[in-house]
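Close look at the chain arrangement
Given next are the chains, with one letter for each unit.
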Amino acid sequence: EAQVTQNPRYLITVTGKKLTVTCSQNMNHEYMSWYRQDPGLGLRQIYYSMNVEVTDKGDVPEGYKVSRKEKRNFPLILESPSPNQTSLYFCASSFTSGTTQYFGPGTRLTVL
Amino acid sequence: QKEVEQNSGPLSVPEGAIASLNCTYSDRGSQSFFWYRQYSGKSPELIMFIYSNGDKEDGRFTAQLNKASQYVSLLIRDSQPSDSATYLCAVPAYSGAGSYQLTFGKGTKLSVIP
């Protein structure tokens, strides 16, 4: 089944404790992206990757890191999480940029 | 800053009626347009895309595009309670070096009343 998977689905952590949210797709897509979604603010792009080893900042990159060492994986790293990073996070992938994006199931993160 | 604007709603329609959702965008160069549906707490899922002026129909859904007016709409005929969700409009915006980033509107919340 073609899909985008994310783990964990739910995470409660404390300020400053490094965490990684994994994202994997099995559709051989070149383009992958991370979004956060907050009430009233909609989906905002954090980082995106056009292909392996090619990443760039989205609209809200502060406090996040990404890497793209393999085509299928695009992990999101929070080196020192803060409460303002409490949000619902989505990973998405598409064949190329600007085409239909397929979303993972989401990760609900709470930073205390 | 490329913008995509939607009425936040909520838009309430009775079951069986036509729901009309609207979206305007600022980038005149945009060529394709996407409508996603998102149930509460779930991920967005694609329901329609359109790239030509005019109408595109898929079952109970019709997307309408008017590039001159920079306006795209989604009509849902014979609305069902299961259509109650937030509908997101997304428009690719050119961001340089051959890349396009999808810009999402904040979504319109639709409520279909039985």
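Below is a summary of the structure that appears in this document. None of the values given here were measured: they were computed from a predicted structure. (Residues numbered from 1 in each chain as written. Chains lettered and ligands numbered in written order. Predicted model: local features only at pLDDT ≥ 70, side-chain atom pairs only at ≥ 80, totals over all residues. Heavy atoms only, no water.)

1. Focus: the pattern of salt bridges
Residues and elements named next belong to chain A. The criterion, for reference: Each salt bridge in this description consists of a side-chain nitrogen of Lys or Arg and a carboxyl oxygen of Asp or Glu lying within 4 Å of one another. Secondary structure is summarised from DSSP: a helix means a run of H or I of at least four residues, a strand means a run of E of at least two, and numbering begins at the N terminus for each. Accessible area is worked out with a 1.4 Å probe on protein chains only. A residue is then buried under 20% of its type maximum, exposed over 50%, and partly exposed in between.
Per the counting criterion, the structure on display carries 6 salt bridges over all chains. For Glu-79, the salt bridge goes to Lys-65, with nearest N and O atoms at 2.9 Å. Residue Glu-79 is located in the loop between strand 8 (76–78) and strand 9 (87–94), and its partner Lys-65 is located in strand 7 (residues 65–66); the two are separated by 14 residues in the primary sequence. Among the residues examined, Glu-79 registers a relative accessible area of 37% and is labelled partly exposed. When salt bridges that share partners are traced, they join Arg-36, Asp-38 and Arg-44 into one network.

2. Thoughts on the packing of aromatic side chains
Filter applied, for reference: Two aromatic rings from Phe, Tyr or Trp, using only the six-membered ring of Trp, form a pair when their centres are within 6.5 Å; if the ring planes differ by under 30 degrees the pair is stacked, by over 60 it is edge-to-face, and anything between is tilted. Definition used: whenever NZ (Lys) or CZ (Arg) falls within 6 Å of the ring centre and also within 35 degrees of the ring normal, the charge is taken to sit over that ring.
Applying the stated criterion across every chain, the model contains 12 aromatic pairs over all chains. Consider the rings of Phe-90 of chain A and Phe-103 of chain A, whose centres lie 6.2 Å apart with planes at 85°: the pair is edge-to-face. Of the two residues, Phe-90 of chain A sits in strand 9 while Phe-103 of chain A sits in strand 10 (residues 102–103), which places them 13 residues apart along the sequence. Ring plane angle 45° and centroid distance 4.7 Å describe the contact between Tyr-25 of chain B and Phe-33 of chain B, whose orientation is recorded as tilted. Side by side, Tyr-25 of chain B and Phe-33 of chain B carry an identical accessibility label, which is buried. Taken together, Tyr-35, Phe-90 and Phe-103 of chain A together with Tyr-36 and Phe-104 of chain B form an aromatic cluster joined through their ring pairs. Above the plane of the ring of Phe-49 of chain B lies Lys-56 of chain B, whose end atom (NZ or CZ) is 3.7 Å from the centre. The cationic tip of Arg-60 of chain B hangs over the ring face of Phe-61 of chain B; the distance from NZ or CZ to the ring centre is 5.6 Å.

3. Looking at a nonpolar patch on the surface
Let me state the cut-off plainly: For patches, a residue must show more than 30% relative accessible area and have no salt bridge; joins then use 9 Å for like charges and 5 Å for nonpolar side chains, namely Val, Leu, Ile, Met, Phe, Trp and Tyr. Areas reported as accessible are Shrake-Rupley estimates using a 1.4 Å probe. Residue values count occlusion only from the protein chains shown.
The grouping of Ile-12, Val-14 and Leu-112 of chain A at the surface amounts to a nonpolar patch, some 320 Å² of accessible area in total. Judged by its relative accessible area of 44%, Val-14 of chain A falls in the partly exposed class.

4. Here we look at the environment of Gln-6 of chain B
Residue and element names in this part refer to chain B. What counts is decided by this rule: Whether two residues are in contact is decided by their heavy atoms, any of which lying within 4.5 Å being enough. Whenever two N or O atoms come within 3.5 Å, that pair is a polar contact, provided that in protein one can donate a hydrogen and the other can accept it, and provided that, for residues adjacent in sequence, both atoms are side-chain atoms.
Relative to the elements of secondary structure, Gln-6 occurs in strand 1 (residues 4–6). Sequence-wise, Gln-6 and Gly-105 are 99 residues apart; in three dimensions their C-alpha atoms are separated by 5.9 Å. Ignoring sequence-local partners within four residues, the contact set of Gln-6 consists of Asn-22, Cys-23, Trp-35, Tyr-87, Leu-88, Cys-89, Gly-105, Lys-106, Gly-107 and Thr-108. Reaching out from Gln-6, the side chain makes a polar contact with the backbone oxygen of Tyr-87 at a distance of 2.9 Å. Of note is the side chain of Gln-6, whose polar atom sits 3.0 Å from the backbone nitrogen of Cys-89.

5. Re the state of the cysteines
Formally: To count as a disulfide, a pair of cysteine sulfur atoms needs to be within 2.5 Å.
This model, assessed by the stated rule, comprises 2 disulfides over all chains. A sulfur-sulfur separation of 1.8 Å characterises the disulfide bridge that pairs Cys-23 of chain A with Cys-91 of chain A. Taking the sign of the S-S torsion, -70° for the link of Cys-23 of chain A and Cys-91 of chain A, the bridge is left-handed. Separated by 68 residues along the polypeptide, Cys-23 of chain A in strand 3 (residues 19–25) and Cys-91 of chain A in strand 9 bring together distant segments of the chain. Residue Cys-91 of chain A is classed as buried on the basis of its relative accessible area, which comes to 0%. Across a sulfur-sulfur distance of 2.1 Å, Cys-23 of chain B and Cys-89 of chain B are joined as a disulfide pair. Where Cys-23 of chain B bonds to Cys-89 of chain B through sulfur, the torsion about that S-S bond is close to -75°, and the disulfide is left-handed. With Cys-23 of chain B in strand 3 (residues 19–25) and Cys-89 of chain B in strand 9 (residues 85–94), this pair connects stretches of sequence that are 66 residues apart. In terms of burial, Cys-23 of chain B and Cys-89 of chain B fall into one category: buried.

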